[in-house]
Amino acid sequence: MTSSNPWSLTISEAHRLLARKQLSAVELTESVIQRIKQTDSKINSFITVTEESALKSALNADSILARDEGSLLTGIPFQAKDNICTTGITTTCASKMLENFVPNYDATAITKLKSTGAVLLGKGNLDEFAMGSSTENSVFFPTKNPHDLNTVPGGSSGGPAASVSAEQCLFSIGSDTGGSVRQPASFCGVVGLKPTYGRVSRYGLVAFASSLDQIGPLTKNVQDSAFVLEAISGNDPKDSTSNTEDVPAYAEYLDGDVKGLKIGVPKEYFVDGMDSDVANTVRSSIKTMEDMGAVVSDVSLPHTSHALAVYYIIAPAEASSNLSRYDGVKFGYSHSESTDVWDALEKTRQHGFGPEVKRRILLGTYALSSGYYDAYYLKAQQVRSLIRQDFVKVFKDVDIIIAPSTPTVAFPLGDKISDPVQMYLNDIFTIPANIAGIPAISIPAGLIKDMPIGVQLMGPHHSEKTLLKAAHAYEQAANHGFLKPSIQE
Amino acid sequence: MNLSNDEVKHIASLAKIGMTEEELQLIGGQLSQILEQFQSLNTINTEHIETTAHPTSLNTVLRSDKITNDKADEGMLDNAPKKEQDFVRVRPVLE
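Residues numbered from 1 in each chain as written. Chains lettered and ligands numbered in written order. Predicted model: local features only at pLDDT ≥ 70, side-chain atom pairs only at ≥ 80, totals over all residues. Heavy atoms only, no water.

Helices and strands together make up the secondary structure of chain A, namely 15 helices and eleven strands. In terms of overall size, chain A behaves like a compact globule, its C-alpha atoms giving a radius of gyration of 21 Å where 489 residues would be expected to give roughly 23 Å. Oriented by its inertia axes, the alpha-carbon framework of chain A measures out at about 65 × 55 × 45 Å. The proportion of buried residues among the 489 residues of chain A is 65%. (Helix = DSSP H or I, 4+ residues; strand = E, 2+ residues; numbered from the N terminus. Rg over C-alpha atoms; globule rule 2.2 N^0.38 Å. Buried < 20%, exposed > 50% of the residue type's maximum accessible area, 1.4 Å probe, protein only.)

Before going further, it helps to examine the interface of chain B and chain A. Facing the 52 residues of chain B at the interface are 63 residues of chain A. Counting the surface lost from both chain B and chain A, the interface buries some 4,900 Å², and carbon and sulfur atoms represent 64% of this. Glu23(B) is the salt-bridge partner of Lys358(A), the closest N and O atoms lying 3.1 Å from each other. Remark: the boundary between chain B and chain A carries 20 residue pairs in polar contact (both at pLDDT 80 or more). Among the secondary structure elements, those contributing two or more residues to the side of chain B that touches chain A are α1 (5-14) and α2 (21-38) of chain B. By residue class, the composition of the side of chain B that touches chain A is 28 nonpolar, 17 polar and seven charged. (Contact = heavy atoms within 4.5 Å. Buried area = accessible area lost by both parts, 1.4 Å probe. Salt bridge = Lys/Arg side-chain N within 4 Å of Asp/Glu carboxyl O. Polar contact = N/O pair within 3.5 Å; in protein donor to acceptor, adjacent residues only side chain to side chain. Nonpolar A, V, L, I, M, F, W, Y, C, P; charged D, E, K, R; others polar.)

Right, let's talk about helix α15 (residues 464-478) of chain A for a bit. All names here are of chain A. With 15 residues, α15 should reach 21 Å at 1.5 Å per residue; the first-to-last C-alpha distance of 20 Å fits that figure. Those residues of α15 that fall on the buried side of the exposure criterion are Glu 464, Leu 467, Leu 468, Ala 470, Ala 471, His 472, Ala 473, Tyr 474 and Glu 475. The elements touched by buried residues of α15 are β5 (191-194), α7 (222-232), α8 (276-291), β9 (400-404), β10 (440-448) and β11 (451-458). Trailing α15 by a residue or two, Asn 479 shows a phi angle of about 55 degrees, which is positive. (Expected span 1.5 Å × (residues − 1).)

All names here are of chain A. Inspection of the entire model under this criterion finds zero disulfides over all chains. Cys 188 supplies the cysteine sulfur nearest to Cys 169, a cysteine that is in no disulfide, at a spacing of 11 Å. Residue class for Cys 169 comes out buried when judged on its relative accessible area of 0%. (Disulfide = S-S within 2.5 Å.)

Residue and element names in this part refer to chain A. Core analysis: the largest hydrophobic core is formed by 167 residues, its most contacted members being Phe 129, Ile 173 and Phe 391. By residue number, the principal contributor to this core is helix α9 (residues 307-322), which donates eleven residues. Discounting residues that sit within four places of it in the chain, Phe 129 has contacts with Cys 93, Ser 95, Met 97, Leu 98, Val 206, Phe 208, Leu 323, Tyr 326, Phe 353 and Val 357. (Core = buried A, V, L, I, M, F, W, Y, C linked by side-chain atoms within 4.5 Å.)

Remark: the centre distance and the inter-plane angle together describe each pair of aromatic rings, the angle taken between the planes. Residues and elements named next belong to chain A. As enumerated under the stated definition, the model contains 18 aromatic pairs over all chains in all. For the ring pair Phe 187 and Phe 411, a centre distance of 5.9 Å and an interplane angle of 90 degrees mean the geometry is edge-to-face. With a gap of 224 residues between them, Phe 187 in helix α6 (residues 182-188) and Phe 411 in the loop between β9 and α13 (420-424) connect regions that are remote in the sequence. This pair shows no difference in class: Phe 187 is buried, exactly as Phe 411 is. The ring of Phe 270 carries Arg 283 above its face, with NZ or CZ at 4.2 Å from the centroid. Sitting over the face of the ring of Phe 411, Lys 416 holds its NZ or CZ atom 4.4 Å from the ring centroid. (Phe/Tyr/Trp six-rings, centres within 6.5 Å; stacked < 30°, edge-to-face > 60°. Lys NZ or Arg CZ within 6 Å of the ring centre and 35° of its normal.)

A few words on α1(B). Every α-helix winds through 3.6 residues per turn, so residues three or four apart in the chain are directed the same way. Residues and elements named next belong to chain B. Looking at α1, one finds that the buried residues are Val 8, Ile 11 and Ala 12. All buried residues of α1 project into a common sector of 100 degrees when viewed along the axis, lining one side. Lys 16 sits one or two positions beyond α1 and adopts a positive phi of about 55 degrees. (Arc of directions from axis to C-beta.)

Inspection of the secondary structure assignment puts Ser13(B) in helix α1. Spatially, the C-alpha atom of Ser13(B) lies 19 Å from that of Leu35(B), the residues being 22 residues apart in sequence.

This brings us to the packing of α8(A) against α15(A). All names here are of chain A. For the pair α8 and α15, interaxial distance at closest approach is 10 Å and the crossing angle is 100 degrees. As judged from the angle between their axes, α8 and α15 are roughly perpendicular. Seen from α8, the contacting residues are Ser 285, Thr 288 and Met 289; seen from α15, they are Ala 470, Tyr 474, Ala 477 and Ala 478. Considering only residue class, the contact of α8 with α15 consists of five nonpolar, two polar and no charged. (Axes fitted to C-alpha atoms, helices over the stretch in contact; angles between N-to-C directions. Parallel < 35°, antiparallel > 145°, perpendicular 65-115°, else oblique.)

Glancing now at the sheet that holds β5(A). Residue and element names in this part refer to chain A. In space, the eleven strands of this open sheet follow the order β1-β3-β2-β4-β6-β5-β10-β11-β9-β7-β8, with mixed pairing throughout. Strands with a single pairing partner mark the edges of an open sheet, and in this sheet they are β1 (46-49) and β8 (295-299). Neighbouring strand axes in the sheet, compared pairwise and without regard to direction, differ in orientation by 30 degrees on average. Taken together, the five bridges between strand β4 (residues 171-175) and strand β6 (residues 215-219) define a ladder with antiparallel strand orientation. Of the residues in β6, the one forming a bridge with Ser 172 is Leu 218. This element, helix α2 (residues 25-43), spans β1, β2 (77-81) and β3 (119-124) of the sheet and lies at about 20 degrees to β3. In this fold α7 packs onto β4, β5, β6 and β10, with an angle of close to 150 degrees to the strand it touches most, β6. (Pairing = 2+ DSSP bridges.)

A separate point is the environment of Val299(A). All names here are of chain A. Structurally, the position occupied by Val 299 is in strand β8. Note on Val 299: relative accessible area 12%, which makes it buried. For the pair Val 299 and Val 265, spaced 34 residues apart in sequence, the C-alpha separation works out to 5.5 Å. Filtering out sequence-adjacent residues up to four positions away, Val 299 remains in contact with Gly 264, Val 265, Pro 266, Lys 267, Glu 268, Val 394 and Val 398.

The next subject is unusual backbone geometry. Residue and element names in this part refer to chain A. A cis amide bond, omega 10 degrees, links Gly 155 with the succeeding residue Ser 156. If you trace the backbone, Ser 156 turns up in the loop between β3 and α5 (158-165). Positive phi values are uncommon outside glycine, yet Thr 135 reaches one of about 65 degrees. Within the secondary structure layout, Thr 135 lies in the loop between β3 and α5.

Moving on, we come to the pattern of salt bridges. Residue and element names in this part refer to chain A. What the rule picks out here adds up to 19 salt bridges over all chains. Of the charged contacts in the structure, one is a salt bridge between Asp 176 and Arg 182, with a shortest N-O distance of 2.9 Å. Ionic pairing is found between Asp 343 and Lys 347, a salt bridge with its closest N-O pair at 3.0 Å. Of this pair, Asp 343 and Lys 347 both sit in helix α10 (residues 341-352), four residues apart, roughly one helical turn. Here the salt bridges do not stand alone but share partners, grouping Glu 167, Lys 220 and Lys 484 into one network.

All right, on to a nonpolar patch on the surface then. Residues Val90(B), Val93(B) and Leu94(B) make up a contiguous nonpolar surface patch of roughly 340 Å² in combined accessible area. As for its placement among the helices and strands, Leu94(B) is situated in the segment after β2 (87-88). (Patch = residues over 30% accessible without salt bridge, like charges linked within 9 Å, V, L, I, M, F, W, Y side chains within 5 Å. Areas by Shrake-Rupley, 256 points an atom, 1.4 Å probe, with all protein chains shown as cover.)

So, in structure tokens, the structure goes:
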């Protein structure tokens, strides 16, 4: 072994050592598991650690590598958010409802990663059913931000973001319905990518809002993001909304060249009263891109301010329908002290769901109910068209858009949990991409008072190649490297 | 936009979620507050604007009617709260 701390490697670094047989997959996995044991009592990013099966997968990866049949992710340990189904491993959605649910199938993203020989380490914490922006809605425990244990890691993919930041895995996969990959990536100082809707199969991702949900990678750098995206993308007959576009080798396009790339700065993302440190950090990122030869211009997405309202109608409406399956009959929590079928149903859902999930189901039920459907749901779907059209128009003039990922840096634990409206405002910059189905990536832009903050790039449908290329060029130029938190072991 | 207690009760019954009086009070207040935020949508003219249900163009995907998951029941029943032999046991639906 040449590296004293294999857990601190990036995917490409680890791959190089694995391919040259200077490091074995078992050594790498053992090192990462050791790291989890030393740090996770403080961070709480894992709901489940699957040590035994991880070492078995690592052993298998070593035999693939011994035959020189390995690919980039062979032997690379990762965490999956606990709303992504894994055969034989509980998939809880951080909910009492699914506390003991053991799927008998893998999500397609997991199948694809396993087929490359990647090593599943366990399941990452989240806000219950991916509903939240701080991971405080987990029924088990809140996850802590590795950069400051008194602050939230963001959410809902708080576990996956914190685990990459704390180097408890080399990468993780999360899900992003309104910013759930990008917002925690911004708070934890890692790279978080939400691909184009349909780029990654949703098969086996526990449904929250089906027209918005998308699985995406969280990584230490942009190149790793490209590797993981390539591995998990592609058409899947098991998801009728997955798209058929070819999957390019994204990493091959990372040449650091953004000369002539047209970048739009939407004025609606820089509003009066926003955190000036955040605005200044993003402005300096824009300057960096401009210095590299990108052509920067102001653009307008006039319906941006309505995106939050549209999202908090559409997502809960879809959730109220998707979550009607939790009836305590075929799987999941079942309230036993009742013989009457309706009473049992109501009590199962009363005691199985936490407050935020109930709030969203009720909100969605209301928006879809007779007499309110037109005023809320239909209206939101119409405004959704206008938000989409804003992007379509702007992408006629520019290649990508640059904006903040989040309005602030990570906030203290407990700060917003009792005020849903304040919590929802966290997603204000990430939601529009989900509404329009476009890809978006959050990359670390630096630190504000020692806390990371991300900058977000958005592009038209299927522009991941361009987004990753631009993000990578920025990362190289900004040159602050992976923002390592100082965690005392 | 204030939801009455009865309205919240009605929504909860549609959603089949049992609620205590305290929960109804708390959630009623929170929902009213959230709905207030939605009022801004009324300022937008959406006459003749089509709805968007999905962000990308969707095609109907068909497949041949072939069983590919014939082992799907293995392990599935293990998740049932109550079972008997190879069946899920449910509460009586008809009295």
